[in-house]
Amino acid sequence: MKDDIVALLPDLRAFARFMCREREAADDLVQNTVLAALDKQQQFTPGTNLKGWLFTIMRNRFYSDLRTLRRRPQAISDENAEPLPAVDNPEATLALKELSSELWKLSPQAREALVLVGAGGFSYEEAARLCGCSVGTLKARVSRARKHLAEKLQ
């Protein structure tokens, strides 16, 4: 199981990065997710979707940590987010900044649905289970998110 978790670390980091926006916070979330998974590995059913199980742990941990942070008086500013790197192409850098900006204008549920289906490679059914909603609700979230991005990035 440990080798399978190690193989999924890039996917976990990518999803954590989308959720947290900060590299350090994302790394902490991945680390806490892996520790929780290893601690609870007896609850995992071999032969089922390990990636989905880990993403569920990560998602639940993220929202739990977010609720804890909301109880503390702390200002969160989207303007201080690091720009996404682009490879030696100023136009690509600008496009990534625009995409990042528009992604963070989406509701957290729409952003999460879009990232799970679009970047995470999950099916609508798997993503719906991870988000705790119906498949129709998830499809609507993804559709609205894609429409918003298409309108804003034209």
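Scroll up for the structure.
This is a predicted model, so every value here is computed, not measured. (Residues numbered from 1 in each chain as written. Predicted model: local features only at pLDDT ≥ 70, side-chain atom pairs only at ≥ 80, totals over all residues. Heavy atoms only, no water.)

Chemist: Describe in detail the packing of helix α6 (residues 124-131) against helix α7 (residues 135-152), supporting the description with residues and values.
Modeler: It is the contact of α6 with α7, at a shortest axis distance of 8 Å, that shows an interaxial angle of 100 degrees. By the angle class used here, α6 and α7 are roughly perpendicular. Counted together, Tyr-124, Glu-125, Ala-127, Ala-128 and Cys-131 of α6 and Val-135, Leu-138, Lys-139, Arg-141, Val-142 and Arg-146 of α7 form the full contact between these two elements. (Axes fitted to C-alpha atoms, helices over the stretch in contact; angles between N-to-C directions. Helix = DSSP H or I, 4+ residues; strand = E, 2+ residues; numbered from the N terminus. Parallel < 35°, antiparallel > 145°, perpendicular 65-115°, else oblique. Contact = heavy atoms within 4.5 Å.)

Chemist: Can you break down the packing of aromatic side chains residue by residue, with the values?
Modeler: Note on aromatic pairs: each is described by the distance of the centres and the angle between the planes. Across all of its chains, the model carries 4 aromatic pairs by this definition. Among the aromatic residues, ring-to-ring pairing joins Phe-15, Phe-55 and Phe-122 into one connected group. Its end group placed over the ring of Phe-122, Lys-51 keeps NZ or CZ at 5.1 Å from the ring centre. We note Lys-139 situated over the ring of Tyr-124; from NZ or CZ to the ring centre the distance is 5.5 Å. (Phe/Tyr/Trp six-rings, centres within 6.5 Å; stacked < 30°, edge-to-face > 60°. Lys NZ or Arg CZ within 6 Å of the ring centre and 35° of its normal.)

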